[in-house]
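Structural description and commentary
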Amino acid sequence: MKLARFSPSTAAALLLGLTTVVGPGAVDSYAASGTPLPIAHFAHMVVDAPHGHLFISGGAGTDGILVTDLDGGNPTTISGEPGATGLALSGDGSALYAALPGQDAIAAISTNDLTESARYDTGTGTRPDSLAVAGGTLWFGYGTAGAGGIGSVDAAGTVILRQDSGSWPAPPMLATTPTPSGVLAAATQTGATSAFVTYRAEGDTLTRQAAKALPVPDLSDFAVTADGQHLAVSSWVGPSADRYRTSDLAVDGRFAEFVASKAVAVAPDGTLAGCGCNYGVRVFPETGEGVYNEYDYEYPLSLPAHGLAWSPDESRLYIVGVDASGGTPTLRTARNPETAWVRLSGGSTTTPLAPGEAYSFRAGFYSPLGLGAGESIIPGTVRITRYDAADPGGVLIPDPTTTRAGVADSFGSYHVAGTAPLSGPLSFRVDYSGSGHYGPAGQTFDVPVAKYAPTMAVTAPSTAGRAASPLTITGKLTWPHAHVTTGAVHVVKTDPAHPSGYAVGTVSVAADGGFAFHDSPQTGGANTYAFSYDGGTSYLPVKTSATVQVSRATPGLSVTTDATSYHSGATVKVTAHLGTTYNSRSVTLYDQPAGASRAQLKSGKVDAHGNLVAYYKTTRNTVFSAAFAGDYRYAPRTVTTSTTLTPTVRTQTQWPLSTTRVGSTTYQVFYKSEVNMGFNVQVTPRQSGGCMSVYLEHYYSGAWHQTTSQSCVPLYGDGWYGYGRALKLFTSNDHYRIRGHYTPPAKGAQTGSVWTRWTYLTVRSGSPS
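What comes next is a walk through the structure. All values reported here derive from a predicted model rather than from experimental measurement.

Scoring rules and cut-offs
- Residues numbered from 1 in each chain as written.
- Predicted model: local features only at pLDDT ≥ 70, side-chain atom pairs only at ≥ 80, totals over all residues.
- Heavy atoms only, no water.
- Buried < 20%, exposed > 50% of the residue type's maximum accessible area, 1.4 Å probe, protein only.
- Helix = DSSP H or I, 4+ residues; strand = E, 2+ residues; numbered from the N terminus.
- Pairing = 2+ DSSP bridges.
- Axes fitted to C-alpha atoms, helices over the stretch in contact; angles between N-to-C directions.
- Phe/Tyr/Trp six-rings, centres within 6.5 Å; stacked < 30°, edge-to-face > 60°.
- Lys NZ or Arg CZ within 6 Å of the ring centre and 35° of its normal.

**Describing the pairing of strand β30 (residues 330–335)**
With respect to burial, β30 is a largely interior element, 5 of its 6 residues being buried. Direction of pairing for strand β3 (residues 35–36) relative to β30: antiparallel, over a ladder of 2 bridges. From the neighbouring strand, threonine 35 faces β30, where its bridge partner is leucine 331. Two strands pair when backbone bridges link them, and strand β29 (residues 316–321) and β30 are joined in this way by 6 bridges, in the antiparallel orientation. Bridging from a neighbouring strand, leucine 317 pairs with alanine 334 of β30.

In structure tokens:
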């Protein structure tokens, strides 16, 4: 059989897109670069480690079997093997068997010289596909849709069909253990389930062990465990971690992971490859928890059926990826697939540490592979080295304390306690040797050492009596962890007698950070206590403060005016009177005219009688206030008084023709021929919102009686208001009088109210002669 060698350009290395998830601490390359395979499609793969070969078939449409070295390089092809599908090695490894469905034959190829040494005719229409060597015999699944069977080829090359007494609805898929044994399993999909049969193979005899339909609606691959006791069945639609016992096909425990990829392969030591992931492969132990490694594809590549194969020494896992159409096969070699990465975590109890401060350094571990039964800490050797300014070359910590695995630390941890250096850096180097299926890991952890400020809080009473029992202010310095007891707290007090503050003492800090300060304040008002922690030898300073309102007596204070009502322009005499105080005799007088802001009228010391007098020319309603700012023993106080401005009113009658006197009273004389009488009122100062009421009275029966009125009518813009009444409504020759009342606005009034004087009038009939 002729070998065709491909040129280097044909086998150019392209990245598979398959990436290996590797944590920190991995010391070996877990996977080599992906390499495109010079075949159109992929069918099966076999590893021939003793001869340094990978055999890869491409199925229908191919002319031969691809051969590469164990790195996937130096591709050649064994030509003349059209449509090769299933592959298997003989028990002694001297021959590669290849199923040729289109030829109704099985080829035997020498693994030494890669030439076909024999071809076994399986019969017209048999279409052999899946191959397995068990019990020293080559077994093959054959048939077409609707009818299938299991055949054998013995050492003499004799082909025997129908080795299984049962019937198969399709060509069965075969599987056996990764090393020679007498265990054989067969399966084919039968709709929503798959039919499985297990056998004992001895020579050319098959003995059924169990037959059962398993809940696998998408059978693509299955494998027999290394000890031949269980089946691992892959399913993407109905993934399961169930282990099926070969003796009776009952569920017998669970694998460490779900078997949910398109392919599954078992290593000679029992490790499985295949998992529940869309575009990737996990390698995991048969039982226990966790995985060794995970290899992820990049879209659109994914794992095809039978796309996994182990090297006999478990040092490599071969993975094939194909695109969505099953084409562009690409090979990836995963090295050390049974070595799980280990990630280190660590640190001191907090960051940063203060110089001289106690610390506890912890080194923890994480790995995708769980601890085995009976293991309480990750196996292997852990070395922790401390580096600081005194030992820049590092000092090995001989006996770090260990903590067994628990809920918070599933792999256990190592602890080191010590004291931070007074200056310079601090770091720890953790080196893990690795052991068994755990890879080595190493990492350096820098622990910052620097002065930092603790937090400080104080609790003080809000009020206190002057010259009374001492008040107590308590405080607490808080560190994020164990600390050095160092430093003191200094107290500065600010009060009305000492606005710049003065030192009142230093208090020591207890081991828990607490402190207390006592004081009997002699000055009333706001007493502010500023607390400053100096930091001692290891920490930065920190400050806080508290204010206590210390009681003061209420001083006697009043403000009066020489009258309560004034006309515009009048001068108001304002007098403030201050009673007994301690060390201040100053008062400030303020005026606040209606609608305006308060302004200072006068400020100064009261006289020997306790008075401060000021004068003010008023133009509107005004509030006067007197303010005492307080002193060391008497509290601030403000008092007020109000004055009212009486507005000026002017009246005017319209159209009287003459006047007359009745007794001592002058009457305006109107004649009915003039039609109307007018009465005008003007108010000054003018303000928005005021109104005028008019009252008309008639004299009869010896007394004045109200005849009519007009209530609260707004004034005109110039401050006038005009009232008119028809003269025909008056009784001729009777006596009348009229007056108005001004009402200021209810809100924002600048003056008080005011009545006009009475205007007297009489009305005569006709016209004047």
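**Topic: the sheet that holds strand β33 (residues 382–388)**
Spatially, the 4 strands line up as an open sheet ordered β34-β33-β37-β38, and their pairing is antiparallel. In this open sheet, the two edge strands, each paired with only one partner strand, are β34 (395–397) and β38 (441–447). Adjacent strand axes in the sheet meet at a mean angle of 25 degrees, parallel and antiparallel pairs treated alike. Here β33 runs beside β34; their pairing, made up of 3 bridges, is antiparallel. Within the sheet, the bridge partner assigned to threonine 385 lies in β34 and is leucine 396.

**Notes on the packing of aromatic side chains**
With the rule as written, the count across this model stands at 24 aromatic pairs. Taken together, a centroid distance of 5.5 Å and an interplanar angle of 80 degrees make the contact between tyrosine 452 and tyrosine 539 edge-to-face. Here tyrosine 452, found in the loop between β38 and β39 (455–459), pairs with tyrosine 539, found in the loop between β45 (525–533) and β46 (542–550); they are 87 residues apart in sequence, far enough to count as distant. Each member of the pair, tyrosine 452 as well as tyrosine 539, carries the same accessibility label: buried. Taken together through their ring pairs, the aromatic side chains of Trp341, Tyr366, Phe411 and Tyr438 make up a single cluster. Directly above the ring of phenylalanine 730 sits arginine 725, whose terminal nitrogen or CZ lies 5.8 Å from the centroid.

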